[in-house]
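# Geometric and topological summary
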Amino acid sequence: NASQPMNAVESIQAAGFSLWDCFIGLIPGSVGETSVLCCLLGAAILIGTGVASWRTMVGCVVGTVCMAGLFNVLATETTIPFLEVGPIWHLFIGSFAFGTVFMATDPVSSAHTNKGRWLYGLLIGFMATVIRCINPAYPEGMMLAILFANAFAPLIDYSVLQSHIKNRQLQYEK
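This text gives an overview of the structure that appears in the document.

Definitions and cut-offs
- Residues numbered from 1 in each chain as written.
- Predicted model: local features only at pLDDT ≥ 70, side-chain atom pairs only at ≥ 80, totals over all residues.
- Heavy atoms only, no water.
- Core = buried A, V, L, I, M, F, W, Y, C linked by side-chain atoms within 4.5 Å.
- Buried < 20%, exposed > 50% of the residue type's maximum accessible area, 1.4 Å probe, protein only.
- Helix = DSSP H or I, 4+ residues; strand = E, 2+ residues; numbered from the N terminus.
- Contact = heavy atoms within 4.5 Å.
- Axes fitted to C-alpha atoms, helices over the stretch in contact; angles between N-to-C directions.
- Parallel < 35°, antiparallel > 145°, perpendicular 65-115°, else oblique.
- Left-handed = near helix turned anticlockwise from the far one by under 90°.
- Nonpolar A, V, L, I, M, F, W, Y, C, P; charged D, E, K, R; others polar.
- Polar contact = N/O pair within 3.5 Å; in protein donor to acceptor, adjacent residues only side chain to side chain.
- Salt bridge = Lys/Arg side-chain N within 4 Å of Asp/Glu carboxyl O.
- Patch = residues over 30% accessible without salt bridge, like charges linked within 9 Å, V, L, I, M, F, W, Y side chains within 5 Å.
- Areas by Shrake-Rupley, 256 points an atom, 1.4 Å probe, with all protein chains shown as cover.
- Disulfide = S-S within 2.5 Å.

## Section: the nonpolar core
Ranked by size, the top nonpolar core spans 35 residues in total, and within it Trp89, Tyr120 and Ile124 carry the most contacts. Secondary-structure elements contributing two or more residues to this core are helix 1 (8–14), helix 2 (19–24), helix 3 (36–48), helix 4 (54–74), helix 5 (87–92), helix 6 (96–103), helix 7 (114–134) and helix 8 (142–173). Per element, the largest residue contribution to this core is seven residues, and it comes from helix 8. Leave out the neighbours within four places in its chain, and Trp89 touches Val9, Ile12, Gln13, Phe17, Ser18, Leu19 and Cys22. Core analysis: the second largest hydrophobic core is formed by five residues, Met67, Phe71, Leu83 and Cys133 among them.

## Looking at the packing of helix 4 against helix 6
Where helix 4 meets helix 6, the axes come as close as 9 Å, and the angle between the chain directions of the two elements is 150°. As far as their axial angle goes, helix 6 and helix 4 are roughly antiparallel. In the packing of helix 4 onto helix 6, the handedness of the crossing is right-handed. Along its contact with helix 4, which presents Met57, Cys60, Val61 and Thr64, the element helix 6 presents Phe96, Thr100 and Val101. Each residue belonging to the contact of helix 4 with helix 6 can be placed in one class, and the counts come to five nonpolar, two polar and no charged.

## As for the side chain of Thr34
With respect to the helices, strands and loops of the structure, Thr34 is situated in the loop between helix 2 and helix 3. Judged by its relative accessible area of 8%, Thr34 is buried. A polar atom in the side chain of Thr34 sits 3.5 Å from the backbone oxygen of Gly25. For Thr34, the residues in contact, after removing those within four places along its chain, are Cys22, Gly25, Ile27, Pro28 and Gly29.

## Topic: the pattern of salt bridges
Applying the stated criterion to the full structure yields one salt bridge. The residue Glu140 makes a salt bridge to Arg132 at a minimum N-O spacing of 3.1 Å. With relative accessibility at 24%, the residue Glu140 sits in the partly exposed group.

## Quick look at helix 6
All of the buried residues along helix 6 are Phe96, Ala97, Gly99, Thr100 and Val101. On its buried face, helix 6 sits against helix 3, helix 4, helix 5, helix 7 and helix 8.

## Observations regarding a nonpolar patch on the surface
Together, Ile47, Trp54, Val58, Val62 and Trp118 make up a nonpolar patch on the protein surface, roughly 380 Å² of accessible area in all. Of the residues examined, Val62 reaches a relative accessible area of 35% and is grouped as partly exposed.

## Some thoughts on the state of the cysteines
Within the structure shown, the criterion is met by zero disulfides. Between Cys38, a free cysteine, and Cys39, which holds the nearest cysteine sulfur, the sulfur-to-sulfur gap is 7.1 Å. For Cys38, a relative accessible area of 47% puts it in the partly exposed group. Between Cys60, a cysteine without a disulfide, and Cys39, which holds the nearest cysteine sulfur, the sulfur-to-sulfur distance is 12 Å. Under the relative-accessibility criterion, Cys60 is labelled buried at 0%.

That's the geometry; what it means functionally is another story.
Right under this line is the structure:
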């Protein structure tokens, strides 16, 4: 129906960009952030050399997929159009791949415990998707989500360590 407005994915496609274009990096954006393929190659190098945590990266992906899936279920014709964008599009558009691989895995500001890295990544994925979908004035959200998660990284690690201490005390008391 011509009178019905396009959803966000239809708008991206109407601008001439396919999912493949987003994967390869043939879309507008900052140099290096738009090619998911190049970011995946960078991820392989960073994980292979032990510089970056795969747990943080996978946590970001899982958080985004879960939150985008939830938004897809909740979306109606009267809600914000970006709620209808599927999880795969969230993974391929904007700076998601760049932020996940190169920014979220910063060894200084991210979580340091393995369980903390999972939680840290999930938090980034959840928040990036919420910021992208809910706030039309700030359509990206990945870097802001990373900054917020960086503020919580010490608390996440502290909570994980306290949980380990509590579990060991319970085992010792048995």
